[in-house]
Amino acid sequence: MTQINKLKIFNDPIYGFITIPNELVYDLIQHPYFQRLRRISQMGLSYLVYPGANHTRFHHALGCMHLMKKAIDTLRFKEVVISEEEENALLIAILLHDIGHGPFSHAMEKSIVEDVHHEAISLLFMNQLNEEFDGRLSLAIQVFKGEYHRKFMLQLISSQLDMDRMDYLKRDSFYTGVAEGNVNSERLIQMMNVENDVLVIEEKGIYSVEKFLLSRRLMYWQAYLHKTSLVAELILMKVLKRAKELTLKGVKLPCSEPLLYFMQNKITLEDFDAEKLDLFSQLDDFDIISALKAWQRHNDFILSTLSKMIINRDLLKIKLSAEKIPMEESQSLKEEFAEAHQISAVDAGYFIFRGKIKNQAYSKEAEPIRILKKDKTIEDVVEASDQLNLKSLSKLVTKYYICFPKQLI
């Protein structure tokens, strides 16, 4: 039997060549669970605003692994001892950190797979893979869950300055063309160190951290919370909610078997056994898009109208405000729409609804980004920085929105 060369190289438009470090990582990438990420868009429906934003979670996971390898090399150069086993655990944990994302994940989490977050599903996938790979992922799972005694390792995977954020800001900025999000991940990684078992950034890297936080804030307003992306995702949640409602009433909707299963059953985290996980692993963006294409011709007014909106990019109007939008405003719009279309005021709520969005580039409540001063003292970046804007970046900004059909303007 011919031996497969498993030390492959990927060509990435951002970092250049990304090497697969070992055979175990290669086998994980080859696994159907991981290959599914090729069919899940990294930025959901943002391509309706930024036509280039068609990159996938597969792409992002490889980028994170590449940055993790760079971080490990930098820390070893600075005499932080990281064993080969620990290195492998870090690479696997970051590679698989997003494996539990469903199609258009945030819309899914709030409608079909109710209140089961992708992090929890990622862990289920990791445990399943660990069984298949004879326990070789045990340390990676321990690190991912924050149960490993070396605290800085979890910070590399999940913190306010982790490999995940470093890759998605740079990658999403590249594919959307929003230049403000482009962070200098190389420089940030070069400035990393470990002091008293926590991850720190050397003082000379403070400006790179400031730029990183500012980029994050701008990317949220310009890309992730862009009002068109936001309204598209809200409509998708309403479509899936309506589809589930109709299915539970016994209406047969055309869609794939896995999607139908999750619409017919209320699945909680406790219900996720190996069989349900396998069904979930068959879901991707194509299930949702093909369902929407079929549902636009359904005789249910709500389902067909909302499905058409996404397929044809003819969305609801969304109005943002710094002030809370009064209930009376949405109530009168609902009554007007209900009368015009001969539907109930409750059903009109699928087309007219209010809500709020929040943006906080840096949280003082979460674990801080620590700056290592020249005198070896450690300070929170907000205190260490002479930039006044860092204090404002840690303020929570809330905006309120109302969505309604264009013909009601």
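Shown above is the structure to which this text applies.
Residues numbered from 1 in each chain as written. Predicted model: local features only at pLDDT ≥ 70, side-chain atom pairs only at ≥ 80, totals over all residues. Heavy atoms only, no water.

1. A closer look at the pairing of strand β2 (residues 16–19)
Pairing of strand β1 (residues 9–12) with β2, which is carried by 4 bridges, proceeds in the antiparallel orientation. Each residue of the ladder has a partner; that of F10, found in β2, is I18. Between the antiparallel neighbours β1 and β2 lie 3 residues. (Pairing = 2+ DSSP bridges. Helix = DSSP H or I, 4+ residues; strand = E, 2+ residues; numbered from the N terminus.)

2. Overview of empty space enclosed by the protein
Taken as a whole, this structure holds 2 cavities of 30 Å³ or more when the rule is applied. By volume, the largest cavity is sized at about 100 Å³. Every residue along the wall of the largest cavity is listed here: Q155, S159, Q160, L161, L199, V200, I201, E367, P368, I369 and R370. Looking at the lining of the largest cavity residue by residue, the class counts come to 6 nonpolar, 3 polar and 2 charged. Looking at the second largest cavity, the residues that line it are G100, H101, G102, S105, M108, E109, V113, V116, H118, I121 and F280. Element by element, the count of residues in the lining of the second largest cavity is highest for helix α5 (residues 105–109), at 3 residues. For the lining of the second largest cavity, the per-class residue count stands at 5 nonpolar, 5 polar and 1 charged. (1 Å grid on protein atoms, 1.4 Å probe; cavity = no way out; pocket = protein on both sides within 12 Å on 5 of 7 lines; lining within 4 Å. Points joined across faces, edges and corners; volume = space filled by probe spheres on them. Nonpolar A, V, L, I, M, F, W, Y, C, P; charged D, E, K, R; others polar.)

3. Quick notes on the nonpolar core
Among the nonpolar cores identified, the biggest contains 139 residues, and L95, L156, M163, W295, F351 and V381 are the most heavily contacted of them. Element by element, the count of residues in this core is highest for helix α12 (residues 227–248), at 11 residues. For L95, the contacting residues outside a window of four places in its chain are V25, L28, I29, F34, A61, L62 and M65. (Core = buried A, V, L, I, M, F, W, Y, C linked by side-chain atoms within 4.5 Å. Buried < 20%, exposed > 50% of the residue type's maximum accessible area, 1.4 Å probe, protein only. Contact = heavy atoms within 4.5 Å.)

4. Let's talk about the sheet that holds strand β5 (residues 317–321)
Strands pair in a sheet through their backbones, by hydrogen bonds, and they do so in one of two ways: parallel or antiparallel. Spatial strand order, β5-β9-β6: 3 strands in an open sheet with antiparallel pairing. Because the sheet does not close on itself, it has two edges, and the strands there are β5 and β6 (353–359). Here the average twist between neighbouring strands, direction ignored, is 30°. Of the pairings in the sheet, the one linking β5 to strand β9 (residues 397–404) comprises 5 bridges and is antiparallel in character. Each residue of the ladder has a partner; that of I318, found in β9, is C403. Across the sheet, helix α17 (residues 327–341) lies against β5, β6 and β9, angled at about 15° from β9, the strand it touches most. (Axes fitted to C-alpha atoms, helices over the stretch in contact; angles between N-to-C directions.)

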